[in-house]
Amino acid sequence: MSERIGEALARAKADDRVALIGYLTAGFPEPDATVELAKALVAGGADMLELGLPFSDPLADGVTMQRSNLKALEQGMTVARSPELIRELRAAGVVIPLIVMTYYNPILAYGQDGFVQDIAAAGADGLIAVDVPPEESEALSGRCREASMAFVPLLAPTSTDERIALASRQASGFIYCVSVAGVTGVRRALSSDLGEYLNRVRRQTDLPLAVGFGISRREHIEALHGKADAVIVASAIVDLIEATPREEREEVVRGFVEVLTGRGKV
Amino acid sequence: MSNDAPVLPDERGRFGEFGGRFVPETLMTAIGELERAFAEAQADPAFRDELDALLRDFVGRPTPLYFAENLSKRLAGEDANGEPRVRIYLKREDLAHTGAHKINNAVGQGLLARRLGKRRIIAETGAGQHGVAAATVCAMLGQECIVYMGAEDVRRQALNVFRMKLLGAEVRVVDSGSRTLKDAINEAIRDWVTNVETTHYLLGSAVGPHPYPLMVREFQSVIGGEAREQLLGVEGRLPDYAVACVGGGSNAIGLFHPFYMDESVHFIGVEAGGEGLDTPRHAAPLSAGRPGVLHGAYSFLMQDEGGQIEETHSISAGLDYPGVGPEHSFYKESGRATYATATDDEALTAFRLLSETEGIIPALEPAHALAHIVKLVRDVADGTVIVVGLSGRGDKDMEATAKALGVKLT
Ligand SMILES: Cc1ncc(COP(=O)(O)O)c(C=O)c1O
């Protein structure tokens, strides 16, 4: 249900905040870890959940997410299990918008039609397919439209105006603006050209803009105030989950998200 | 080629349903630029002239087409006049500079990178042959060269690692995944995503997003183009079979493509059967896989039920890859080519056979093509003419084969 995304972004806007999208790799670090971790993100103030379905060859990802993808697969997570996991999340009271993120091959193996229908029926609100650029996404974005799910394309600093327009025409929900030319992973500072690039995208579309890749600190988010509608924090959360003993994990993740959202202190 | 040749790939980079460009958005602009630069270069006589001159003077082309009379007689016997029943010709890419066909594509892309104004070159390598070819061309053209190579392949192909370093390249060892060619490509793509403004990715096989399968095919078609002319010269006719090993598929497509419109020429691609197709330890996506998306293209793949890429095995590092070029998938589906497999053991036997009968030590990759010839000749008519792509020489495989044959070196 893509409207939920618009509502969540509108609420953040009304509060004069940049919305926070928190990422989890499904089934990482244990098969049953995801529901409690998602609840911790919500408790910390995350506005949306991005749920990554693992792929063996995540070529847009840095070392952190490569490890989380591999570990989730080793622990038995499959794309076939994802509708069930989404249902569990919904049943556990995670009501924030949920965006599924994965690579194309697992979707194709499941069957594009069935995949979109099944995750939509389970309660997903949107889909991001990292290696499906606008030229190749007609089938997938069309199916998302039929299922009332948002299809969220990615843009990069290297995207030309022409490509920004192309992606905007297929997009719904929001546009994922990759902050730098690079793979996922924590970075200290935002790229200095980020503002100019976001302006360029803004001129071409009225859709909300979410910035991701490298975002890991409260100051990054503050710096994006007025420039972006949302941020996506992924590797920083995964790093934290990896580094924290199991019993303390949810507490630590909640605390980190509170810092990111400005609810809590460092 | 005749005018009725289908114009493939189409403008979306599709060979039928196969191919396309499935990459992160960050790369799309650069891939578009590459496509335009390649099209312009192809239409530019000055580019062609420079490439042809380098292929002649630097690479040593044309490579010979050698009539393997001893092998022909050994495999198929003689007729009443003492002539071999079947005539097998070897297209000697092993005699090209650096010892394999990979140099044809490396020279072409190196020149193209210069045209694009990109001085930093990255490449992946499995057997090390493409890495050596890339490093060689970069040394000649004054380009920086970084080669990604899986840790397992670094072990199997230590000699080539040393060669690359001698040529001034930096070799980055890849420790992720199965630590072979697939993972080296993942890592090269990650580098490219990060450094796309300054860097050209010199991909070594007919795989990847459009325009790579087209571009690599065009640079490798010199193999089939020469072979066709040479055969018409010595035999006065076209071959009945063109046979080549298929890893990513570049030497095979380079041999086949110029014969595409010659319908009487049967194409046979030979994949790595590893320990057998009845085991999981092989690298034969066309023979035992399903279509899917890996490394930017829709093509046959070795994958599990859930779409996760499976680990592969082959005694030959150059064939140890779970994917294959999209044009081969198209050839398979359209029936233009057939695809067979040869196991590790069969390839080793053929490796020794060619060494002993002809005094030519082949690389383990084309030994797979030769292994299939051993079976093929049993069923063909007298007078059959076969051309085999001898894609590389065996020096790099001395350690691996000695080990497999139970011989201890020093
Ligand atoms: C000698 C030789 N032949 C064949 C191959 C396989 O590649 P392709 O299928 O692209 O020709 C390699 C790869 O390293 C090689 O070194």
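Structure first, text after, so check above.
Residues numbered from 1 in each chain as written. Chains lettered and ligands numbered in written order. Predicted model: local features only at pLDDT ≥ 70, side-chain atom pairs only at ≥ 80, totals over all residues. Heavy atoms only, no water.

### Re the pattern of salt bridges
Residue and element names in this part refer to chain A.
Inference 1: Taken as a whole and assessed by the stated rule, the structure comprises 54 salt bridges over all chains.
Inference 2: As a salt-bridge pair, Arg246 and Asp32 come within 3.7 Å of each other at their nearest N and O atoms. Of this pair, Arg246 sits in the loop between helix H11 (235–243) and helix H12 (249–261) while Asp32 sits in the loop between strand S1 (19–25) and helix H2 (34–44), and the two are 214 residues apart along the sequence.
Inference 3: In this structure, a network of salt bridges that share partners links the residues Glu30, Asp32, Arg246 and Arg249. (Salt bridge = Lys/Arg side-chain N within 4 Å of Asp/Glu carboxyl O. Helix = DSSP H or I, 4+ residues; strand = E, 2+ residues; numbered from the N terminus.)

### A word on the sheet that holds strand S6 (residues 144–150) of chain B
All names here are of chain B.
Inference 1: With parallel pairing, four strands are arranged side by side in an open sheet as S7-S6-S5-S8. Sheet topology places strand S7 (170–174) and strand S8 (199–201) at the edges, where each strand pairs with a single neighbour. Geometrically, the sheet is characterised by an average inter-axis angle of 25° between neighbouring strands, direction not taken into account.
Inference 2: For strand S5 (residues 120–125) and S6, the ladder comprises six bridges, and the chain directions are parallel. Within S6, the position partnered with Ile122 by the bridge is Ile146. (Pairing = 2+ DSSP bridges. Axes fitted to C-alpha atoms, helices over the stretch in contact; angles between N-to-C directions.)

### Brief notes about the sheet that holds strand S11 (residues 290–294) of chain B
All names here are of chain B.
Inference 1: Pairing within the open sheet is antiparallel, and its four strands lie in the order S1-S2-S12-S11. Two strands lie at the open edges of the sheet, namely strand S1 (14–15) and S11, each paired on one side alone.
Inference 2: In terms of strand pairing, S1 meets strand S2 (residues 18–22) through two bridges, oriented antiparallel. Across the sheet, the residue bridging to Phe15 is Phe18, located in S2.

### As for the packing of aromatic side chains
All names here are of chain B.
Inference 1: Per the counting criterion, the structure on display carries 14 aromatic pairs over all chains.
Inference 2: Where Phe18 meets Tyr298, the ring centres are 5.6 Å apart and the plane angle is 15°; that geometry is what we call stacked. Of this pair, Phe18 sits in strand S2 while Tyr298 sits in strand S12 (residues 296–301), and the two are 280 residues apart along the sequence.
Inference 3: When its relative accessible area of 2% is taken as the criterion, Phe18 is described as buried.
Inference 4: Aromatic ring contacts, followed pair by pair, group Phe256, Tyr260, Phe267 and Tyr331 into a single cluster.
Inference 5: The ring centre of Phe267 lies 3.9 Å from the NZ or CZ of Arg336, which sits over that ring. (Phe/Tyr/Trp six-rings, centres within 6.5 Å; stacked < 30°, edge-to-face > 60°. Buried < 20%, exposed > 50% of the residue type's maximum accessible area, 1.4 Å probe, protein only. Lys NZ or Arg CZ within 6 Å of the ring centre and 35° of its normal.)

### Details of the interface of chain A and chain B
Inference 1: Listed as interface residues are 32 residues of chain A and, on the opposing side, 34 residues of chain B.
Inference 2: Taking both partners together, chain A and chain B bury about 2600 Å²; carbon and sulfur atoms supply 53% of that area.
Inference 3: Taken as a group, Asp57(A), Leu59(A) and Glu136(A) account for 25% of the area that chain A buries against chain B, more than any other trio of residues on that side.
Inference 4: The interface formed by chain A and chain B contains four salt bridges.
Inference 5: Linking chain A with chain B are 17 residue pairs in polar contact (both at pLDDT 80 or more).
Inference 6: Elements represented by at least two residues in the side of chain A that touches chain B include exactly helix H3 (63–74), helix H5 (104–110) and strand S6 (154–155) of chain A.
Inference 7: The element that contributes the greatest number of residues to the side of chain A that touches chain B is H5(A), accounting for five residues.
Inference 8: Partitioning the side of chain A that touches chain B into residue classes produces 19 nonpolar, seven polar and six charged. (Contact = heavy atoms within 4.5 Å. Buried area = accessible area lost by both parts, 1.4 Å probe. Polar contact = N/O pair within 3.5 Å; in protein donor to acceptor, adjacent residues only side chain to side chain. Nonpolar A, V, L, I, M, F, W, Y, C, P; charged D, E, K, R; others polar.)

Geometric descriptors of this kind do not, in isolation, establish any biological role.
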